[in-house]
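# Coordinates in review
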Amino acid sequence: MPELPEVEMVRRGLDAHILDRTIEQVRIFDERALKRHPYGPRDLEARLQGLKVVAVDRRGKFLWISAGSPSSGESVVEEQLMVHLGMSGQMLIAADGRDDRSQQQPGAALHRHTRISAYLDDGLRLDFVDQRLFGGWSLSEGEVEAHGRRVPREMAHIAADPFEAVFDAGAVARRMKRSRAAVKSLLLQQGLVSGIGNIYADEALWRMKINGAREGASVPVTKLTGLLNASREVMTDALAEGGTSFDSLYRHVNGESGYFARSLQAYGRTGEPCSRCGTLLVKEQFMNRSSHFCPRCQRRR
């Protein structure tokens, strides 16, 4: 699943291309992409048609597009489109391809895994492409105040991420210190700190020389705070390289890949020497995932 840097790259691309654009029409080619929207395809199409995109936002790994009436003098939000990228979802910008509007199924101008297309007033088309169909679109039931910020109601349980002004690394570290759960599992809890997934958890733990299997209670608060700061730093580095792409299932809105995979120090480097001490990196099973670490630098005490 894309993590914070990859979703932020998508958000930035959408912000650059669709902000202040009016949605002229939405076409649903595969209703399976609306499994989180219980009111059906015609409802989503009708509610988005004619609205102007007023904001593209993100919290952690979660993305949403706010839209309102183009005739309103202010940016009044009428609908919030939740974009679930899942394992393979992509938001791609393409030329309009007006002939596609009359087709019941994706045509030659569309990627074969295009599930939804939104046609914009400036001649661009926004395609939701999803090979594995774990993602999709849905419309929010409204906004709530959650973790210091107004977000769609469906995201009320998602904590602030390390890039938000309301994020308090010290407070989160103190909560981690009170837990007997593994430090890595705490980093992955989206209700505690959002946006960090398996890749960047392994990278932050490597930077701080912490074994992810250690209990939170066994690590000093100062070091846990440093771990959260390291998470932000490694994700900042990933953003500078466009995120991490391992295959064709993650792309920016223009179809390009991210290149942070070349800079990874732990994740995916099993059997290679640690760049810090030369010890061969290892991989172990962890919560139905894999953990990559240096057995010398990151000893389990």
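Heads up: the structure comes first, above all this text.
Since we're looking at a predicted model, the values are computed, not measured. (Residues numbered from 1 in each chain as written. Predicted model: local features only at pLDDT ≥ 70, side-chain atom pairs only at ≥ 80, totals over all residues. Heavy atoms only, no water.)

## Some points on the packing of helix H5 (residues 198–208) against helix H6 (residues 221–240)
Two elements in contact, H5 and H6, have axes separated by 8 Å at closest approach and are oriented at 125 degrees. If you check the angle between H5 and H6, you find them oblique. Pair H5 / H6 crosses with right-handed handedness. The residues of H6 that touch H5, namely those facing Tyr200, Glu203, Ala204, Leu205, Arg207 and Met208, are Lys223, Gly226, Leu227, Ala230, Ser231, Glu233, Val234, Met235, Asp237 and Ala238. Among the residues forming the contact of H5 with H6, the class breakdown is nine nonpolar, two polar and five charged. (Axes fitted to C-alpha atoms, helices over the stretch in contact; angles between N-to-C directions. Helix = DSSP H or I, 4+ residues; strand = E, 2+ residues; numbered from the N terminus. Parallel < 35°, antiparallel > 145°, perpendicular 65-115°, else oblique. Left-handed = near helix turned anticlockwise from the far one by under 90°. Contact = heavy atoms within 4.5 Å. Nonpolar A, V, L, I, M, F, W, Y, C, P; charged D, E, K, R; others polar.)

## Quick notes on the packing of aromatic side chains
Under the definition given, this model contains two aromatic pairs. Seen from their ring centres, phenylalanine 128 and tryptophan 137 are 6.2 Å apart, and the 50 degrees between their planes marks the pair as tilted. The exposure classification of phenylalanine 128 matches that of tryptophan 137, with both residues buried. For the pair tyrosine 200 and phenylalanine 260, a centre-to-centre distance of 6.2 Å together with 35 degrees between the ring planes defines the contact as tilted. Placement of tyrosine 200 in helix H5 and of phenylalanine 260 in the loop between H6 and strand E11 (282–286) is noted, with a sequence separation of 60 residues between them. Each of the two residues, tyrosine 200 as well as phenylalanine 260, counts as buried. (Phe/Tyr/Trp six-rings, centres within 6.5 Å; stacked < 30°, edge-to-face > 60°. Buried < 20%, exposed > 50% of the residue type's maximum accessible area, 1.4 Å probe, protein only.)

## Comments concerning the environment of arginine 269
For arginine 269, the position within the fold is in the loop between H6 and E11. For arginine 269, a relative accessible area of 15% translates into the label buried. Along the primary structure arginine 269 and phenylalanine 293 are separated by 24 residues, whereas in three dimensions their C-alpha atoms are 8.7 Å apart. Aside from chain neighbours lying at most four places away, what touches arginine 269 is Leu264, Ser275, Leu281 and His292.

## Describing the nonpolar core
Grouped together as the largest cluster of nonpolar side chains are 30 residues, with contacts concentrated most on Met176, Leu187, Tyr200, Leu227 and Leu228. Secondary structure elements with two or more residues in this core: helix H3 (169–177), helix H4 (183–187), H5 and H6. It is H6 that contributes the most residues to this core, seven residues altogether. Filtering out sequence-adjacent residues up to four positions away, leucine 187 remains in contact with Met176, Val193, Ile196, Ala201, Leu205, Leu227, Leu228 and Ser231. Listed in part, the 28 residues of the second largest apolar core include Ile28, Leu81, Val83 and Leu85. (Core = buried A, V, L, I, M, F, W, Y, C linked by side-chain atoms within 4.5 Å.)

## Topic: a nonpolar patch on the surface
A cluster of nonpolar residues, Met1, Met87 and Phe134, forms a patch on the protein surface that exposes about 310 Å² of accessible area. Tracing the backbone through its elements, the reader meets phenylalanine 134 in the loop between strand E7 (124–130) and strand E8 (136–139). (Patch = residues over 30% accessible without salt bridge, like charges linked within 9 Å, V, L, I, M, F, W, Y side chains within 5 Å. Areas by Shrake-Rupley, 256 points an atom, 1.4 Å probe, with all protein chains shown as cover. Salt bridge = Lys/Arg side-chain N within 4 Å of Asp/Glu carboxyl O.)

## A few points about helix H1 (residues 4–18)
For H1, spanning 15 residues, the distance from its first C-alpha to its last is 20 Å, which sits close to the expected 21 Å at 1.5 Å a residue. With eleven of its 15 residues buried, H1 lies for the most part within the structure. Along H1, the residues that are buried comprise Leu4, Pro5, Glu6, Val7, Glu8, Met9, Val10, Arg11, Gly13, Leu14 and Ile18. In the stretch just after H1, aspartate 20 is the one whose phi turns positive, near 70 degrees. (Expected span 1.5 Å × (residues − 1).)

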